[in-house]
Amino acid sequence: MKKETYYVTTPIYYASGDLHLGHCYTTVLADACARFQRLAGKDVFFLTGSDEHGLKIARKAEEAGITPKEYTDQVVAKFKHVWSVLGITYDKFIRTTDEDHVKVVQKAFQKLYDQGDIYKANYEGLYCVPCESFFTESQVVDGKCPDCGRPVELMKEESYFFKMSKYTEWLKDFYQSHPDFLIPEARKNEIYKNFIENGVQDLCVSRTTFDWGVPVPFDSKHVMYVWIDALLNYVTALGYGTENDTLFQKFWPADVQFVGREIARFHAVIWPILLKALDLPLPKQIHSHGWITEKGDKMSKSSGNGFNSLVLADRYGTDAVRYWVYKDGPIFNDSPYSSELFIKTINADLCNDLGNLVSRTLAMITQNFDAKLPKCGPSLTEDKELENKLNHLYEAVKNAMDQQRVDIAIDEIFGVVRAANKYIDVTAPWILAKVDKNRLATVLYHLYESIRMVAVLLQAFLPTTAEKIFEKLGIEKDSPYRKLESITIFHTDLMDYTVHKGEALFVRLDVQKEVAYLTTPIKKEEKQDKQEKAEKPLISIDDFDKVELVVGKILHSEKIAKSEKLLKNTVQIGEEVRTIVSGIAKHYQPEEIIGKNVVVVKNLKPIKLCGVESFGMILCSVSADGKLSLVEPNSSMPSGSEVC
Ligand code: ME8
């Protein structure tokens, strides 16, 4: 039988800086959806990626003294690191600089032009660079962007326009006939009223004053407006418009596209019209979530309150971050993050409710039955109540997840955890241990089965925790009792599994101490830094072998005018002389290092730093408090010698 498909997307993140907890919200949410639908047997495609064109990124790269592509390469490597730490199981990471994407975007633009949907005119209006968004005089507030509050710039140039107004009536009808296309209802109503009801405006879709974008195929002076390029990623990622569009045929239209609230209007107006104009079906649903706020403001890098989720994951584990996202995150409306709320949630739900349930149950099985799951006897009323809850758990979670309500699904699962803890209070197994071992066996059996069923579902939400629980329960990796099919009914034949109590799943945290740790600003940076270093994975000897380390002799060194940190060095490596830029200017004067032997990474890809091309890297040691010193081989070693 053909498997049902499920296509879920996140927005593609601007490759203009680091990701904070707010960004991670969408991706963790989408990951739970993807994992759940995979567990439920669907054929899933989960897309995320990076949005790499536009003025914002061009300016960032200029500030860094490198090309935009060099800049986005560095940022994308960081994105991928964050997603790997958070256990994000995307099927594809699209970059809008991917050649295939660019080609198809150009083809689509050409089609729109050929069919008369694009025309040339003069644009005069206001533009917010951080939001890559156009505004009229009446929309800006005191000269500032109504979305992010930063100053807008006047823009006056020849541009191409997308005739979106032509599709107004069609879009209105579409919203009438698809009331659930955009959720939540309140956001849909607001967007409908402000951007659709009184007629959709034509959109300026090209720029001439910078060149970091997809070139307009029929007019090389212009690059496309970044949002046209960006939105199309959801179909180009599937191979739409290429010779191999199998994935597109299989997965489009998307089942759900998650977007934050400030970008809902791009997905609610431009995106449907763009698809209609290209004669493509629309996604089934746009789910617009709220913002994670801190002290009342949107969490964002530019406001300086962008909390790094890696710091949390490093100290409390990835599943703690994931749990907080599901439980307290802004599924529709904004919701606040504070370190105190975070720690309290982890203590209450993961440590007290889940952790204690598991440790109490396994301790009693260990003490009373030699760590072997005992035989289940006949069920009494309180047992039947718990069985009934367990038998309905999957249905409740599935219903929630079919509507992407991760918040409800996790509450259903933890509802069973709470019910099982209550069952312990009611049945008082510590008394049964003294007076009725048969009854104790039945009670512990019910608890074991509750924990197992919870773990089966947690595989989609808290995968590391689920794995730990299965190990404690003695349920092996390939066991059918890890599969979803095993939780639609309470089983009574799981005897003789050996449990392993081991360490606590979650350690109770001292709220005051942890809040102090998380909110000390210097520490925050240090922790992030330390953690980024600590997280490097183990490598094999073959990986290490790829790095070519040699002795180099510094022949000359000078400061780079535009930079406080960089020195431009001329380095001799055997017969060869090359330029290597290094970030040591705050620690060494150029004349101090001339004549020194240093260790050079010889086969590093060249990179431009502050306009100077650098061929390799000079190794230094850096202490925890920031002291830096060159790694210096013995001065008698000839340059070009291998370092191994
Ligand atoms: O908008 N809370 O990229 P982006 C919750 N490239 N979500 C937040 C948040 C917060 N504090 N801060 C940001 C873009 N986000 C475009 C998308 S898609 C074709 C192009 C969310 O990196 C934000 O709402 O600025 C958005 O959904 C996502 O992070 C990416 O933001």
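Observations concerning the overall build of the protein
Regarding its fold elements, the protein presents 22 helices and 24 strands. Structurally, the protein occupies a C-alpha span of about 85 × 80 × 50 Å along its principal axes. Across the 644 residues of the protein, 53% fall into the buried class. Of the contacts made within the protein by residues no fewer than 6 positions apart, 74% connect residues no fewer than 24 positions apart. Accessible area of the protein: about 29500 Å², with a carbon and sulfur share of 51%. Here the protein holds 80 positive side-chain charges and 90 negative ones, and the gap between their average locations is 2 Å.

Comments concerning the nonpolar core
Across soluble globular proteins, nonpolar side chains have a tendency to be buried as a group. Formed by 192 residues in total, the largest nonpolar core has its most connected members in Leu458 and Phe461. Setting aside chain neighbours within four positions, we find Leu458 in contact with Leu354, Ile410, Ile413, Phe414, Pro463, Ala466 and Ile469. Ile573, Ile584, Tyr588 and Val600 belong to the second largest nonpolar core, which has 15 residues in total.

A look at the packing of aromatic side chains
All chains considered together, the criterion is met by 36 aromatic pairs. Measuring from ring centre to ring centre gives 6.5 Å for Tyr13 and Phe79, while their planes differ by 85°; the resulting arrangement is edge-to-face. You can see Tyr13 sitting in strand E1 (residues 5-14) and its partner Phe79 sitting in helix H3 (residues 68-85), a full 66 residues away along the chain. Each member of the pair, Tyr13 together with Phe79, is buried. An aromatic cluster is present here, built from Tyr7, Phe45, Tyr234, Tyr240, Phe248, Phe251, Trp252 and Trp271 joined pairwise through their rings. Geometry around Trp291 places Arg261 over its ring, the cationic atom sitting 3.8 Å from the centre. Over the ring of Phe369 we find Lys437, and its NZ or CZ is 5.6 Å from the ring centre.

What to know about the packing of helix H13 (residues 339-369) against helix H17 (residues 437-461)
Where H13 meets H17, the axes come as close as 10 Å, and the angle between the chain directions of the two elements is 140°. If you check the angle between H13 and H17, you find them oblique. Here H13 and H17 pass one another in a crossing that is left-handed. The segment H13 lies against H17, with Leu354, Leu357, Val358, Thr361, Met364, Ile365, Asn368 and Phe369 engaging Lys437, Leu440, Ala441, Leu444, Leu447, Tyr448, Ile451, Val454 and Leu458. Grouping the amino acids of the contact of H13 with H17 by side-chain chemistry returns 14 nonpolar, two polar and one charged.

Some details on the environment of Phe45
With respect to the helices and strands, the residue Phe45 is situated in strand E2 (residues 43-51). It is 22 Å that separates the C-alpha atoms of Phe45 and Asp279, two residues lying 234 residues apart in sequence. If sequence neighbours within four positions are ignored, Phe45 has contacts with Tyr6, Tyr7, Val8, Asp91, Lys92, Leu238, Leu247 and Phe251.

Comments concerning H3
One turn of an α-helix holds 3.6 residues; hence residues three or four places apart share an orientation. For H3, built from 18 residues, the straight-helix expectation of 26 Å at 1.5 Å per residue is met to within 8% by its first-to-last C-alpha distance of 26 Å. All of the buried residues in H3 are Pro68, Glu70, Tyr71, Thr72, Val75, Val76, Phe79, Val82, Trp83 and Val85. Directly beyond the C-terminal end of H3, a positive phi value near 70° is found at Gly87.

Considerations on the sheet that holds strand E6 (residues 153-162)
Within the open sheet, the four strands sit side by side as E5-E4-E6-E8. Their pairing is antiparallel. Looking at strand neighbours, the two that pair on one side only are strand E5 (133-135) and strand E8 (203-204), the edges of this open sheet. In this sheet, E6 lies alongside strand E4 (residues 118-128) in antiparallel orientation, the contact comprising 10 bridges. By the bridge assignment, Asn122 is partnered in E6 with Glu158.

Notes on unusual backbone geometry
The omega torsion across Ile183 and Pro184 is 5°, close enough to zero to call that bond cis. Counting through the fold element by element, Pro184 comes out in the loop between strand E7 (182-183) and helix H6 (185-196). Following Trp252, the chain continues to Pro253 via a peptide bond in cis, the omega torsion being 5°. Along the chain, the position of Pro253 falls in the loop between helix H9 (246-251) and strand E11 (256-260). Of note, the phi angle at Asp279 is positive, near 65°, even though the residue is not glycine. Note that Asp279 resides in the loop between helix H10 (264-277) and strand E12 (286-289). Backbone geometry places Cys610, a non-glycine residue, at a positive phi of 50°. Tracing the backbone through its elements, the reader meets Cys610 in the loop between strand E20 (607-609) and strand E21 (612-614).

Notes on the site of the ligand
Around the ligand sit 24 residues, and of these Ile12, Asp51, Glu262, Ile292 and Met299 come closest. Within the contact set of the ligand, an oxygen atom lies 3.0 Å away from a backbone nitrogen or oxygen of Tyr14. Between the ligand and the protein, one listed contact pairs a nitrogen atom with a backbone N or O atom of Met299 at 2.8 Å. Protein chains bury 96% of the 670 Å² of accessible surface belonging to the ligand in isolation. If you list the elements that add at least two residues to the shell around the ligand, you get E1, helix H1 (21-39), helix H7 (226-231), helix H8 (233-236) and E11. Sort the elements by how many residues they give to the shell around the ligand and E1 lands first, with four residues. Among the residues making up the shell around the ligand, the classes are represented as 13 nonpolar, eight polar and three charged.

With respect to the state of the cysteines
Note: disulfide means a covalent bond formed between the sulfur atoms of two cysteine side chains. Scanning the entire structure with this criterion turns up zero disulfides. Between Cys128, a free cysteine, and Cys145, which holds the nearest cysteine sulfur, the sulfur-to-sulfur gap is 3.7 Å. Under the relative-accessibility criterion, Cys128 is labelled buried at 0%.

Section: the domain arrangement of the protein
We note that the domain assignment places domain 1 (5-105 + 226-305), domain 2 (117-222), domain 3 (338-487) and domain 4 (538-630) within the protein. In this structure, domain 1 and domain 2 have C-alpha centres spaced 19 Å apart. Tallying the contact residues gives 43 residues for domain 1 and 33 residues for domain 2. Across the interface of domain 1 and domain 2, roughly 3200 Å² is buried in total on both sides, 71% from carbon and sulfur atoms.

Details of a nonpolar patch on the surface
Together, Trp430, Ile431 and Val435 make up a nonpolar patch on the protein surface, roughly 330 Å² of accessible area in all. Note on placement: Ile431 falls in helix H16 (residues 429-435). On the accessibility criterion, Ile431 (45% relative accessible area) is partly exposed.

Considering the side chain of Glu52
Checked against the element boundaries, Glu52 lands in the loop between E2 and helix H2 (55-64). The exposure class of Glu52 is buried, given its relative accessible area of 0%. In this structure the side chain of Glu52 is engaged in a polar contact, spanning 2.8 Å, whose partner is the side chain of Thr72.

The rules behind each value
- Residues numbered from 1 in each chain as written.
- Predicted model: local features only at pLDDT ≥ 70, side-chain atom pairs only at ≥ 80, totals over all residues.
- Heavy atoms only, no water.
- Helix = DSSP H or I, 4+ residues; strand = E, 2+ residues; numbered from the N terminus.
- Buried < 20%, exposed > 50% of the residue type's maximum accessible area, 1.4 Å probe, protein only.
- Contact = heavy atoms within 4.5 Å.
- Areas by Shrake-Rupley, 256 points an atom, 1.4 Å probe, with all protein chains shown as cover.
- Lys, Arg positive; Asp, Glu negative; His and termini not counted.
- Charge placed at Lys NZ, Arg CZ, Asp CG, Glu CD.
- Core = buried A, V, L, I, M, F, W, Y, C linked by side-chain atoms within 4.5 Å.
- Phe/Tyr/Trp six-rings, centres within 6.5 Å; stacked < 30°, edge-to-face > 60°.
- Lys NZ or Arg CZ within 6 Å of the ring centre and 35° of its normal.
- Axes fitted to C-alpha atoms, helices over the stretch in contact; angles between N-to-C directions.
- Parallel < 35°, antiparallel > 145°, perpendicular 65-115°, else oblique.
- Left-handed = near helix turned anticlockwise from the far one by under 90°.
- Nonpolar A, V, L, I, M, F, W, Y, C, P; charged D, E, K, R; others polar.
- Expected span 1.5 Å × (residues − 1).
- Pairing = 2+ DSSP bridges.
- Near = heavy atom within 4 Å.
- Polar contact = N/O pair within 3.5 Å; in protein donor to acceptor, adjacent residues only side chain to side chain.
- Disulfide = S-S within 2.5 Å.
- Domains from an automatic or database assignment.
- Buried area = accessible area lost by both parts, 1.4 Å probe.
- Patch = residues over 30% accessible without salt bridge, like charges linked within 9 Å, V, L, I, M, F, W, Y side chains within 5 Å.
- Salt bridge = Lys/Arg side-chain N within 4 Å of Asp/Glu carboxyl O.

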